[in-house]
Amino acid sequence: GAVVSQHPSWVICKSGTSVKIECRSLDFQATTMFWYRQFPKQSLMLMATSNEGSKATYEQGVEKDKFLINHASLTLSTLTVTSAHPEDSSFYICSAVGNEQFFGPGTRLTVL
Amino acid sequence: AQSVTQLGSHVSVSEGALVLLRCNYSSSVPPYLFWYVQYPNQGLQLLLKYTSAATLVKGINGFEAEFKKSETSFHLTKPSAHMRDAAEYFCAVSEGADDKIIFGKGTRLHILP
């Protein structure tokens, strides 16, 4: 099946720094990618829809200036958590839409 | 708006017993329905999906689910539980194959020896 990768798989950073997470579709092109967030022992919550060549669409309550999304190519979307704080610590999962939706393995962010 | 409700945040069954995880959905359009499994500290794995074809959907690892429109349900079953089935299971809904997916809160399946 189609493969979606995320990099890094885990990251630890200091409070106030910015962290970039990459989501790549390895063997197909994805006009649309989605970013989800999963807090410990909770479900996945959609953060935003990333469309290649256009601005991302954010879900209600998600700060677009804090979570910057760039979808510059058909195989890559990036999520940058700006000025990260401990409450941003979470598991971030992307998905990419080919002939169906495929999920990445996730990135665990820990903000100290 | 679409939503899914998973009944029971924790379900325990004995090894070899029937597994039944309940999911009810709400959708204003014919839904696409999914079951995903998540093992600790890992991503999601698709078990099965319903996309308006056969109402009984067979998935991987011996799981299956039945779409019942009259009951707005999409319960997940497996005839005989294995220890390796212990994981978190998410029911999910979307309006199409390329649309955002809305997840339920999840059900933790425990397998008793």
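Everything numeric here is computed off the predicted structure, so don't read it as measured data.

Rules used throughout
Residues numbered from 1 in each chain as written. Chains lettered and ligands numbered in written order. Predicted model: local features only at pLDDT ≥ 70, side-chain atom pairs only at ≥ 80, totals over all residues. Heavy atoms only, no water. Patch = residues over 30% accessible without salt bridge, like charges linked within 9 Å, V, L, I, M, F, W, Y side chains within 5 Å. Areas by Shrake-Rupley, 256 points an atom, 1.4 Å probe, with all protein chains shown as cover. Salt bridge = Lys/Arg side-chain N within 4 Å of Asp/Glu carboxyl O. Helix = DSSP H or I, 4+ residues; strand = E, 2+ residues; numbered from the N terminus. Pairing = 2+ DSSP bridges. Axes fitted to C-alpha atoms, helices over the stretch in contact; angles between N-to-C directions. Core = buried A, V, L, I, M, F, W, Y, C linked by side-chain atoms within 4.5 Å. Buried < 20%, exposed > 50% of the residue type's maximum accessible area, 1.4 Å probe, protein only. Contact = heavy atoms within 4.5 Å.

A cluster of nonpolar side chains, A:W10, A:I12 and A:L112, forms an exposed patch at the surface whose accessible area comes to about 390 Å². Of note, A:I12 is situated in strand β2 (residues 10-13).

A separate point is the sheet that holds strand β3 (residues 19-26) of chain B. Residue and element names in this part refer to chain B. Taking strand neighbours across the sheet as the criterion, the 5 strands line up as β1-β3-β8-β7-β6 in an open arrangement whose pairing is antiparallel. The sheet is open, and its two borders are formed by β1 (3-7) and β6 (56-58), each paired with just one other strand. The sheet shows a mean angle of 20° between the axes of neighbouring strands, direction not considered. Where β3 and strand β8 (residues 73-78) come together, 4 bridges link them in antiparallel fashion. Pairing of L21 across the sheet is with L76, part of β8.

Moving on to the nonpolar core. If you look at the biggest cluster of nonpolar residues, it comprises 26 residues, and the most contacted ones within it are B:W35, B:L48, B:F74, B:L76 and B:Y89. Counting residues per element, the ones that place at least two in this core are β2 (10-14), β3, β4 (32-38), β5 (44-50), β7 (64-68), β8, β9 (87-94) and β11 (107-112) of chain B. Once residues lying within four places of it in the same chain are set aside, the contact partners of B:Y89 are B:Q6, B:L21, B:W35, B:Y36, B:V37, B:L47, B:F63, B:L76, B:G106, B:T107 and B:L109. Of all hydrophobic cores here, the second largest spans 25 residues; its members include A:V4, A:C23, A:L79 and A:A84.

This paragraph deals with the sheet that holds strand β1 (residues 4-7) of chain A. Strands in a sheet are paired, the pairing made by backbone hydrogen bonds, and the direction either parallel or antiparallel. All names here are of chain A. Read across the open sheet, the 4 strands follow the order β1-β3-β8-β7; overall the sheet is antiparallel. A strand with exactly one partner marks an edge of an open sheet, and here the two such strands are β1 and β7 (67-73). On average, each strand axis in the sheet is tilted by 15° relative to the strand beside it, whichever way the strands run. Sheet topology places strand β3 (residues 19-25) next to strand β8 (residues 76-81); 6 bridges connect them, and they run antiparallel. What sits directly across from E22, in β8, is T78.

Take it as geometry only, folks, not as evidence of what the structure does.
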